[in-house]
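Coordinate analysis (summary)
One-letter residues, chain by chain:
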Amino acid sequence: MRSAEVPVTAETRRPQRTSPYSMLGLTWRGADPSSLRFRSRGASGWSSWRTAEILRDGPTAGTESRGRRGTEPMWVGPSDGVQVDVRGSGHRDLRLVLIDPGVLPSDASARAGSVTASGRGSTRAAAKPTAAPRPPLLFRKAWGADPSWRNGSPTYNRGLRQVHVHHTASSNSYTRAQVPAILRGMYRYHTASLGWFDLGYNFVVDRFGRAWVGRSGGPDRPVRGAHTLGFNHNSVGIAVLGNFEATRPTTKAVTAVVRLAAWKLDRHRRDAGGTVAVTSEGSDRYASGAQVRLPVIDGHRDTNETACPGAHLYDRLPGIRHRAQKRVDRFDPR
């Protein structure tokens, strides 16, 4: 893993040669810039200009953040050049973050393990589950999470009332073998660049339908994430790798979200197709203390001023709710 943070100056606003990297982001303090664009240089030359979306995820104010704002971490693949274009005023200490997560021997061979109804791996036949079972998961070791990057220890919610669905607003053309590196890059950006405790999302789903454990603390436990500013205190965050404003999520990815949501909600006796009254802890859409009624399975745009999880994934949420509840009912022993 290699990463670098450099001030954005007149020089970095011109095409620049860089050390090898595959992910980039921009961070700053103060007001958000009005426009953030970049282009990268890879094996086939310079890319077209791309918009860097402002990151609307985040921990509860004052709990993990160092006060820095940032863009989504953008996966661009192997690159050795960059140019940025930033417009607006009110921001300060603007930095360009370049990350090379490297390649590990295990990246191409990561496989999810099967689990029994109790959640433990087994090669023996399991008894019929009496609750929606935990789907196969790829744990943090599978994507090479370095525990030394964490800033502190996990915290836990008292329960779980919601599932927030996200997209990562990045590339849709990644390969199976690149997914662990993407997760390492996101982890490095969230912790080293933004000062969060750990990777913000509890779970990440890729376009191949694999479900990855994101934040540490135990996937079976109600770990507080840093995925939905103002609404992390009684929820779990599931992010799908990709940008779904113009592209549809794969059927396998949607199915993985259904299975994760059904498993987590059934453990807490929640109706996947229902709504719930929650209290905001302060977001850019709902002030702290505001009482809001939201779907039990919602999209990030329901709680924050963002396009996340993208129009095409957001449109799939009614079906995800229906399928998740149907899965819960299938295993209901009553």
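Conventions we followed
Residues numbered from 1 in each chain as written. Predicted model: local features only at pLDDT ≥ 70, side-chain atom pairs only at ≥ 80, totals over all residues. Heavy atoms only, no water. 1 Å grid on protein atoms, 1.4 Å probe; cavity = no way out; pocket = protein on both sides within 12 Å on 5 of 7 lines; lining within 4 Å. Points joined across faces, edges and corners; volume = space filled by probe spheres on them. Nonpolar A, V, L, I, M, F, W, Y, C, P; charged D, E, K, R; others polar. Helix = DSSP H or I, 4+ residues; strand = E, 2+ residues; numbered from the N terminus. Contact = heavy atoms within 4.5 Å. Core = buried A, V, L, I, M, F, W, Y, C linked by side-chain atoms within 4.5 Å. Buried < 20%, exposed > 50% of the residue type's maximum accessible area, 1.4 Å probe, protein only. Salt bridge = Lys/Arg side-chain N within 4 Å of Asp/Glu carboxyl O.

Now for empty space enclosed by the protein. Summed over the entire model, instances satisfying the criterion amount to one cavity of 30 Å³ or more. The wall of the largest cavity is formed by 13 residues, among which N202, F203, P219, R221 and V223 lie closest to the centre. Here the lining of the largest cavity is composed, by residue class, of seven nonpolar, three polar and three charged.

A few words now on the side chain of Q325. Turning to its location among the elements, Q325 is positioned in helix α5 (residues 317-330). Apart from the residues lying within four places of it in its own chain, the contact partners of Q325 are R270, D271, A272 and G273.

Grouped together as the largest cluster of nonpolar side chains are 37 residues, with contacts concentrated most on V163, F203, V205, L260, I297 and I320. Put simply, the parts of the chain that give this core at least two residues each are β9 (162-167), β10 (203-205), β11 (211-213), β12 (235-240), α3 (251-267), β13 (275-279), β14 (291-295) and α5. With ten residues, α3 is the largest single contributor of residues to this core. Excluding residues within four positions of it along the chain, F203 makes contact with L137, W212, V213, G214, P219, V236, G237, I238, A239, L260, W263 and K264. Grouped together as the second largest cluster of nonpolar side chains are 29 residues, A142, W149, I182 and M186 included.

Overall, the coordinates contain 18 salt bridges when judged by the stated rule. R267 is the salt-bridge partner of D220, the closest N and O atoms lying 3.9 Å from each other. Placement of the pair is D220 in the loop between β11 and β12 and R267 in helix α3, with a sequence separation of 47 residues. A relative accessible area of 44% places R267 in the partly exposed class. Across the pair D266 and R269 runs a salt bridge, and its minimum N-O distance is 3.2 Å.

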